Amino acid sequence: MAAYEKRRAAAAPVPAAGSGLAEPGRAAPGGGGLAEGSAAEFLLRAGVTAMVREALLKVLEARPAEPVSFLAEYFERLVLAEAAAEPPGPPQRLARALWYVCLAHHSHRTAFDSNTGAAYEVLGCGGRRRAPGVDGRLYSELLRRICQRGAAPAEAAAELLRRVRCRDHEAVPFDVFRYGVLTCCVLLEFAAKADALFAVLGAGDSADTRLCQAVLRALEDALGAGHGSRPGRYLEAGSRLGPDRLALAMDQALQERKLSSSMSREEFLRKATALFIAKVKPVE
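Attention in this report is confined to the structure presented alongside it. Computed from a prediction, not measured in an experiment: that's the story for all the values here.

**Notes on the overall build of the protein**
- What the protein contains, in helices and strands, is 13 helices and four strands.
- Counting contacts in the protein only where the partners sit at least 6 residues apart, residues at least 24 apart contribute 73% of the total.
- Summed over all atoms, the accessible surface of the protein reaches about 16,200 Å², with 55% contributed by carbon and sulfur.

**Re the pattern of salt bridges**
- Inspection of every chain in the model, using the stated rule, returns 14 salt bridges.
- Lys193 is paired through a salt bridge with Glu189; the nearest N and O atoms lie 4.0 Å apart. Placement of both Lys193 and Glu189 in helix H9 (residues 174-201) is noted, with a separation of four residues, approximately one turn of the helix.
- Judged by its relative accessible area of 41%, Lys193 falls in the partly exposed class.
- A salt bridge links Asp208 to Arg210, with the shortest nitrogen-to-oxygen separation between them at 3.2 Å.
- Connected through salt bridges with shared partners, the residues Arg109, Asp113 and Arg178 form a single ionic network.

**Digging into the packing of helix H3 (residues 48-62) against helix H6 (residues 109-123)**
- Contact geometry for H3 and H6: axes closest at 8 Å, N-to-C directions at 125°. Comparing their axes, H6 and H3 come out oblique. Contacts from Lys58, Glu61 and Ala62 in H3 reach Ala111, Ser114 and Asn115 in H6.

**Regarding the packing of aromatic side chains**
- Evaluated as defined, the whole model comprises six aromatic pairs.
- Each ring, one from Tyr139 and one from Phe177, has its centre 6.0 Å from the other, and the planes form 45°; the classification is tilted. Of this pair, Tyr139 sits in helix H7 (residues 136-147) while Phe177 sits in helix H9, and the two are 38 residues apart along the sequence.
- Ring geometry for Phe198 versus Phe268: centroids 5.4 Å apart, planes at 45°, classification tilted. Separated by 70 residues along the polypeptide, Phe198 in helix H9 and Phe268 in helix H13 (residues 265-277) bring together distant segments of the chain. Across the pair, exposure class does not vary: Phe198 and Phe268 are buried alike.
- Aromatic rings pair up to connect Tyr120, Tyr139, Phe174 and Phe177 into one cluster.

Definitions and limits used
Residues numbered from 1 in each chain as written. Predicted model: local features only at pLDDT ≥ 70, side-chain atom pairs only at ≥ 80, totals over all residues. Heavy atoms only, no water. Helix = DSSP H or I, 4+ residues; strand = E, 2+ residues; numbered from the N terminus. Contact = heavy atoms within 4.5 Å. Areas by Shrake-Rupley, 256 points an atom, 1.4 Å probe, with all protein chains shown as cover. Salt bridge = Lys/Arg side-chain N within 4 Å of Asp/Glu carboxyl O. Buried < 20%, exposed > 50% of the residue type's maximum accessible area, 1.4 Å probe, protein only. Axes fitted to C-alpha atoms, helices over the stretch in contact; angles between N-to-C directions. Parallel < 35°, antiparallel > 145°, perpendicular 65-115°, else oblique. Phe/Tyr/Trp six-rings, centres within 6.5 Å; stacked < 30°, edge-to-face > 60°.

Set out below in structure tokens:
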């Protein structure tokens, strides 16, 4: 926190003449600005101005869906960090790193990369290391915690972690770290979209198997059209599964003259996420 205090002190603005905010130790011109000068002096001396400015910059950078809740959590984390007398251990560093990677949606690439870099620095700040990078054990644990934040099936999350994990003793470079974090975030969103898609197919927790299989085949075709190793591209490919294409697949399925059973929501999500996992490039 000493580094933060230095940055905060350096960032404290010097009020311009005539701005109504007197410099510390000086009264405002005209004799009537004593109260204003005292308020400005207090805010500057306490570092509140720089702190609020930094918080607002974080909001603009992350562009969260709920800015007020974001600010509340930001200041809560800041207070907890300042209250810690000892250097944070692995659990605290993992919690802070998880908070960083969840600040901005992965589609906001600049903000996401910045926050992922901050998480990487947090996890790599403790202990001695033979090679630069984050400890493989902390990296794998962070990915596991990310996957727990969504509705992705446990089997899909476990298989994804097997593909992107590193050995516990390895030093994970930043490009691998970012790839693993991004892939987990995309899995959660993919699972959420698949769940919303299932809600269209039937009522409650089951739907016609013919419809589900037709949609899964169309989804597989859409994912097959995605090229490259960037996980977000497969999410974009799935998003191109438009209503016309879905309606055609569902109509063809319903025209089949045979009895059909029902498919549960869990089974549909498991099969849908398995299509995404199959596209994920393993970490070598």
